[in-house]
Structures are given as structure tokens and as C-alpha cells.
Amino acid sequence: MRAGLPFKNQTTEHTEKKVKISLKKTIFVVVLIVFVFPAFVFSEIVINEIAFDESKGSPDWVELFNTGPDSVLIDGWILEDEDTGAGNEIYIQLSTPVPVGAYVVVLVDAYGIDDTDFSDHQAWLYSGTGTTVNLAASKDELSLYAGLPMSSSTIKDFVAWVTKGEYNGEKDQVHAVAAGIWTNGEAVVLADTGHGYSLARSSTSFDTNRTSDFSGHLIPTPGFVNVVPEMCDNGIDDDNDGQVDCTDSDCSEEPICAQPLMEICSNGHDDDNDGQSDCADGDCLADPFCRQTGVWQQVVINEIAWSGTAAGSSHEWVELYNTGSSDVNLTGWVLETGDEDWEVVLSSRIPAFGYYLMERSTDTVVSNVQADSLYTGALSNRGEDLFLKDISSRTIDAVCFESEWPAGSKSPDYLSMERINPLSEGNSAANWRSNDMMTRNGLDANGVLLNGTPKAQNSVYGYVAPALTEICFNKTDDDEDGAIDCADADCVQDPFCLSLSQINMIKADENKKSFSPYDKDKAFQSVPLFFNTRSGTVVKTIRIVNIRGETVKEIMNNDRGADGVNYSAVSEGFVSWDGRDQHGHVVPIGIYIVYFEGVDAVNGDRVTAKDTVVVGR
């Protein structure tokens with residue numbers, strides 16, 4: 001069986017209780033309508049929800065619901081769509097009576113294993129690929145008959161809808177109008193919001209036989225009560241309870257609604273409870289108060305020979321530079337990696353406008369220049385996060401390129417990575433370049449001139465990038481301004497980038513929107529989730545949310561992936577979800593929402609987007 005054709009929805013005890021409560025309310029209201037409003041036509045089994053525009057690989061489906069007061073045997077009942085031609089029917093085969101308050105989900109034009117025991121108030125049936133209805137997204141209708149012959153005396157429910165053009169009524173409507181359960185020429189008018197939405201009744205499943213019974217639902221709920229969960233950060237009252245986003249009690253436990261603690265950099269308190277206070281907290285790296293206090297960023301990481309030298313790839317060295325007019329005592333300071341894999345303990349002083357050289361293992365790495373400190377441990381050729389901390393563990397400077405070094409090279413040239421402006425941000429890739437191979441200082445262990453400048457002014461000091469032109473589609477920062485392709489302002493009017501602007505911020509792979517962690521084909525055991533922010537300054541968060549609005553998995557949180565990958569400054573790419581929750585457990589089958597939030601770190605603009613996926617077995 002292909003992944004993405006769910007035949008059974010599993011639910012937690014908590015959800016079952018909620019369903020039971022909803023059913024009690026539903027039954028009470030339905031009984032009230034029967035006795036107080038006898039003009040309403042009452043039907044035990046109703047067409048409750050229809051998904052007629054599912055993505056490729058996901059079947060359309062129809063949900064029936066028993067409003068009560070008794071169980072109903074619907075074996076041999078017919079779902080019919082004759083307006084598209086004779087023979088468009090699904091003959092329901094279900095020998096178990098449908099209990100009061102239970103759902104029957106019929107998957108159209110699909111194969112799978114039927115689930116008919118109603119142990120979870122649900123039955124899931126597959127129509128096969130023979131005689132079946134053909135639900136159209138633009139305009140269509142659907143009838144439910146209690147067996148043959150299909151006529152006004154056997155029709156039980158009917159609904160028509162239109163998203164484009166006008167609805168003029170078709171053959172099936174004649175039976176519905178004659179039976180008094182529909183008004184001639186009427187249809188539910190919907191906005192086409194793309195794949196994955198549904199036409200659904202209200203949460204009470206009232207049947208007044210009018211178009212007002214139905215509305216469009218962006219988050220379908222097959223096998224569950226038709227309640228739209230509150231999305232907690234989109235500015236919309238999704239569940240129509242009069243409360244929006246974090247003011248809605250449904251969002252009380254959502255992380256996005258918990259106000260994040262921020263470090264105040266000058267009050268003597270550890271405000272964000274991370275063990276560091278004021279200027280010792282990395283959150284205060286750019287704070288003006290901290291920059292003007294003591295030696296804050298007076299000493300910087302100035303040059304990194306992460307690839308070693310021609311004499312040996314392990315012959316690494318790192319240089320500090322004192323930007324100030326006074327000496328600084330470095331005794332007790334450390335240079336450490338972000339993963340704390342190794343650290344260098346410093347000693348002695350660094351003179352005003354002077355340098356401090358750290359060599360790996362031996363003082364012969366730079367054979368003609370004396371090292372100020374030696375260290376063990378290796379710099380990764382892939383990239384590292386480096387932190388310079390003073391004796392109070394206060395972060396003085398940081399160079400964070402864990403995913404990739406922005407400059408320097410391996411064999412054969414072994415170029416060091418040099419800081420362009422020591423007074424500018426160390427975390428900016430644009431502030432680093434490789435040694436220019438013309439201005440050099442120091443000899444390697446074999447007496448050969450290094451492609452670097454240990455204890456001397458960097459070859460790229462004060463470098464000004466040439467006026468290069470950004471090519472808008474080659475994944476390269478051609479003009480070296482720190483922005484790549486469509487994230488570069490030079491590409492705002494580029495036709496390629498204008499076409500990209502139509503792409504959603506988040507989009508699941510259309511071919512794998514239905515997948516299963518248990519699929520025999522590994523390619524369908526997860527779904528790629530593509531994002532495109534069109535700006536490298538957007539900080540990204542991607543969550544998986546169930547149909548009750550609960551977060552089940554954080555795929556990315558403020559640019560940090562669940563696998564530890566740093567997506568900072570990455571404007572487009574993809575991450576994957578394997579159908580598991582935060583604890584590594586496979587989630588119940590059903591429909592899930594991929595929710596994207598982006599905040600532009602430059603102007604504070606906030607955007608949200610979402611898509612849906614189906615987890616099957």
C-alpha cells in the first residue's frame with residue numbers, strides 16, 4: 001500500500017473525552033432542534049465534510065456522521081455524483097451499524113485496508129479505483145442515497161458547492177429539491193485556497209438543508225468533530241470563539257505565547273535564567289552599554305589558519321588582535337569552541353594595537369615567530385563556533401561559522417582566514433577573506449613562507465570589495481555584499497526572483513505530502529519541507545501541528561534545526577519530517593499542519609505560512 005492512504009485514525013484518551021463531550025452537546029442540540037424547530041428536516045446520517053481538492057498523492061474523501069438518535073445500518077447506501085456522467089457512484093459496504101456520534105470516512109479512488117469496528121468512533125472505507133465519484137474543485141455536488149433506486153424517495157442528503165464560475169444545478173439536484181432537502185440552484189460558495197482544504201458543517205453537524213450549514217475549513221478534520229483549532233500567531237480568530245491568537249485559552253500552553261525572557265544588559269541580574277548576567281551573556285554581544293564597558297571587544301579574533309600549513313594540515317594557528325590603546329592582561333582568558341571540544345587557556349599580556357599568537361601542539365607551526373600559547377585539539381575544516389572569554393567567562397568576541405568557514409582554503413594553498421576590519425562584527429561572513437598570497441608573514445615548519453600574516457597586519461585589512469554584479473540564480477554572492485541571489489537587493493526586479501516571489505514561504509513536497517514512517521520505500525518514510533523567505537535576514541521557525549492546534553514537533557526553532565544544523569542567513573532550502581514527535585515516537589495517522597513563522601531581524605517584519613501533510617501507515 002502506498003503511504004498516505006490512512007485507514008485508521010488513532011486518538012488519545014484526552015481526545016476521546018473531548019469527542020464524547022462534543023457528542024453530548026451535539027445530541028442535546030439536535031434533540032432541541034427536532035422539538036423546538038419542527039420545520040427543520042432531520043436526517044440521521046449526514047454528509048458532514050468533503051475534501052474535493054487534495055494534493056497529488058492524497059485521495060479526496062467524504063465524511064458521513066450519525067447525528068442520532070439511533071444507530072443506522074448504511075450497507076448498500078450510495079454516494080453519487082451523476083452530474084459528471086452515469087456510473088459515478090460509490091456503493092458503501094459496511095456491515096456494522098454506524099453508532100450515534102460516529103464518523104465514516106470514505107476515501108475516493110483509493111485502495112487500502114478498511115477499518116469498520118468503530119472502536120474509536122470512526123470507520124475508514126476505501127472506494128477502490130473502479131466505479132467511483134469524481135469530485136471537482138471548481139463546482140460539483142454530492143448525493144447520499146439509502147440504496148436503489150436512486151430517487152427523491154431514497155435520497156438522504158445533498159450538498160452542492162462552487163469555487164469558480166456559477167452553479168446552475170445538475171441532475172442530482174432534482175431529487176434533492178423534490179425531496180425538500182435542498183433549494184433549486186443554490187450552492188455553497190467557497191474561496192479556492194489551494195489544495196488541502198475542505199467543505200464542512202459546523203461543529204454541531206446541524207442539518208437545516210441550506211448552504212449556511214457548510215463553510216470552508218482550512219484545516220480538515222476527517223473522523224473528528226469539525227472544530228477549527230486556533231492558530232496562535234496568525235492574527236485570525238480561527239475557531240470563531242471571539243479570541244485571537246495568544247488571547248485564546250487554547251493557546252495558553254503554546255511556546256510562542258509564552259513571553260521569552262530577555263537579558264537586560266545593565267541591571268546585575270540573570271534575566272533569562274541562562275547562568276550568565278549582563279555583559280557576560282552572549283545576548284549582549286552587540287549591546288552599546290557592553291561595548292563601552294572595560295575591554296569589551298577591545299581584543300578580537302583576528303586570523304584563523306583552520307586548514308594548517310603546507311608543512312602539515314594539523315599545523316593550525318589562531319591570532320588575536322588588541323584594537324585598543326592600552327595593554328590587556330589575558331591571563332586566565334580562554335578561546336573555546338562552541339561544542340567545548342577544546343579550549344586554549346591564555347597567559348601574559350597583549351600589547352596595545354598588538355597581536356597574540358596561539359599555535360597547535362608545538363611552537364614550530366610558525367617556525368620564526370614565537371607563540372604566546374600552545375594548545376591541543378583540532379579546528380574542523382567544515383567550520384566552528386569560536387568564543388573568546390575573559391577571566392569572568394564573559395564573551396569578549398565570537399566568530400560563529402559552524403556550518404562553513406567563509407574564507408581560507410585547504411591544499412594546495414593553505415590560505416589563512418583574515419578579518420577585514422577588527423572593529424566590525426566577527427560573525428559577519430562579509431568581514432572575512434582569504435589571505436591574498438601577496439602580503440605574507442612567517443615561515444612554516446619547513447621554512448616556507450606562509451599564506452597568512454601571523455603577528456602582522458592582515459593582507460586584507462581595509463579591503464573594499466570591487467563593484468561586482470550579483471547574478472541572481474547561481475547560489476553565489478557574486479558582489480560579495482553578504483546577500484546571495486534573490487536575497488540581494490540588486491535582484492528585486494529580476495524576472496527569476498519575481499517568479500520566486502510567488503512561491504509559498506513553506507511547501508511540502510507535492511509527491512510526498514502523504515507518507516508513512518513504516519513505508520517499505522524509504523523515499524516515502526519522510527516528507528521534505530521546502531522554505532523560501534527570499535531574504536537571508538529572516539529568522540525561521542517551522543513546527544508540525546496536529547488538527548487540535550497542538551505542536552507535536554519543532555523542525556526548526558529560530559534558525560536552529562532539530563538536528564543541530566544552523567540555518568542562519570539561509571533564505572531558501574529544505575528540512576524533513578519523519579512523522580515522529582519531539583520524543584521520537586511515531587505520531588497517530590491523520591492530517592498535520594506544517595506551520596512556518598519568519599521574523600526579519602532587520603526590520604522586524606513577521607510572516608506566517610502553512611501547508612498540510614498526511615501521515616499514513
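Scroll up to find the structure.
Residues numbered from 1 in each chain as written. Predicted model: local features only at pLDDT ≥ 70, side-chain atom pairs only at ≥ 80, totals over all residues. Heavy atoms only, no water.

Draft legend 1. Fine view of the sheet that holds strand 2 (residues 61-66). Spatially, 6-5-2-1-10-11 is the arrangement adopted by the 6 strands of the open sheet, whose pairing is mixed. Strands with a single pairing partner mark the edges of an open sheet, and in this sheet they are strand 6 (122-126) and strand 11 (214-217). Direction aside, the axes of adjacent strands within the sheet are offset by 25 degrees on average. Note that strand 10 (residues 198-201) and strand 11 share 4 bridges and pair antiparallel. Across the sheet, residue Arg-201 finds its bridge partner in strand 11, namely Phe-214. (Pairing = 2+ DSSP bridges. Helix = DSSP H or I, 4+ residues; strand = E, 2+ residues; numbered from the N terminus. Axes fitted to C-alpha atoms, helices over the stretch in contact; angles between N-to-C directions.)

Draft legend 2. How the structure looks around a negative patch on the surface. Where like charges cluster on the molecular surface, the negative patch consists of Asp-339, Glu-340, Asp-341 and Glu-343. Within the fold, Asp-339 resides in the loop between strand 15 (334-337) and strand 16 (343-345). Judged by its relative accessible area of 54%, Asp-339 is exposed. (Patch = residues over 30% accessible without salt bridge, like charges linked within 9 Å, V, L, I, M, F, W, Y side chains within 5 Å. Areas by Shrake-Rupley, 256 points an atom, 1.4 Å probe, with all protein chains shown as cover. Salt bridge = Lys/Arg side-chain N within 4 Å of Asp/Glu carboxyl O. Lys, Arg positive; Asp, Glu negative; His and termini not counted. Charge placed at Lys NZ, Arg CZ, Asp CG, Glu CD. Buried < 20%, exposed > 50% of the residue type's maximum accessible area, 1.4 Å probe, protein only.)

Draft legend 3. Structural context of the pairing of strand 10. By the alternation rule, side chains of strand 10 split into Ser-198 and Ala-200 and Leu-199 and Arg-201, which are all buried. Two elements, strand 1 (residues 45-51) and strand 10, share 2 bridges in a ladder whose sense is antiparallel. In the strand pairing of strand 10, Ile-50 is matched with Leu-199.

Draft legend 4. Molecular detail of the packing of aromatic side chains. What the rule picks out here adds up to 11 aromatic pairs. With 5.6 Å between their ring centres and 85 degrees between their planes, Phe-52 and Tyr-197 make a pair best called edge-to-face. Of this pair, Phe-52 sits in the loop between strand 1 and strand 2 while Tyr-197 sits in the loop between strand 9 (188-189) and strand 10, and the two are 145 residues apart along the sequence. You can call Phe-52 buried: its relative accessible area is 2%. Their ring planes at 10 degrees and their centres at 6.1 Å tell us that Trp-306 and Trp-405 sit as a pair that is stacked. Residue Trp-306 is located in the loop between strand 12 (299-305) and strand 13 (317-322), and its partner Trp-405 is located in the loop between strand 21 (395-401) and strand 22 (417-419); the two are separated by 99 residues in the primary sequence. Of the two residues, Trp-306 and Trp-405, both sit in the buried class. Residue placement shows Lys-389 over the ring face of Phe-387; its charged tip is 6.0 Å from the ring centre. (Phe/Tyr/Trp six-rings, centres within 6.5 Å; stacked < 30°, edge-to-face > 60°. Lys NZ or Arg CZ within 6 Å of the ring centre and 35° of its normal.)

Draft legend 5. Geometry of the nonpolar core. Ile-50, Leu-64, Ile-74, Val-104, Leu-142, Val-159 and Trp-161 are the most contacted members of the largest nonpolar core, which totals 43 residues. Those elements that provide at least two residues to this core are strand 1, strand 2, strand 3 (78-80), strand 5 (103-107), strand 6, strand 7 (139-145) and strand 8 (155-162). If we ignore the near neighbours within four places in the chain, the residues touching Leu-64 are Ile-45, Val-46, Ile-47, Asn-48, Ile-74, Leu-79, Ile-92, Ala-102, Tyr-103, Val-104 and Leu-144. Leu-330, Leu-346, Met-358 and Leu-388 belong to the second largest nonpolar core, which has 27 residues in total. (Core = buried A, V, L, I, M, F, W, Y, C linked by side-chain atoms within 4.5 Å. Contact = heavy atoms within 4.5 Å.)

Draft legend 6. Representation of the sheet that holds strand 27 (residues 538-545) in the model. Strand order in the open sheet made by the 6 strands is 25-32-31-27-28-29, with mixed pairing throughout. Either end of the sheet is taken by a strand with one partner, and the two such strands are strand 25 (514-515) and strand 29 (560-561). Across 4 bridges, the pairing between strand 27 and strand 28 (residues 551-557) is antiparallel. Following the sheet pairing, Ile-542 is matched in strand 28 by Met-556.

Draft legend 7. Representation of the environment of Glu-572 within the structure. Relative to the assigned elements, Glu-572 resides in strand 30 (residues 572-577). With 40 residues separating them along the chain, Glu-572 and Asn-532 place their C-alpha atoms 4.2 Å apart.

Draft legend 8. The pattern of salt bridges, seen in detail. Going through the model one piece at a time under the given rule, you end up with 14 salt bridges. Residues Asp-213 and Arg-201 are paired through a salt bridge, measuring 3.5 Å at the closest nitrogen-oxygen approach. Separated by 12 residues along the polypeptide, Asp-213 in the loop between strand 10 and strand 11 and Arg-201 in strand 10 bring together distant segments of the chain. Judged by relative accessible area, Asp-213 falls into the buried class, the value being 9%. With a relative accessible area of 0%, Arg-201 lands in the buried category.

Draft legend 9. Examining the environment of Val-318 more closely. Mapped onto the elements, Val-318 comes out in strand 13. Remark: the alpha-carbon pair of Val-318 and Glu-303, spanning 15 residues in sequence, is separated by 5.8 Å. If near-sequence neighbours (up to four positions away) are discounted, Val-318 is found in contact with Ile-301, Glu-303, Ile-304, Leu-335, Tyr-356, Leu-357, Met-358, Tyr-375 and Leu-379.

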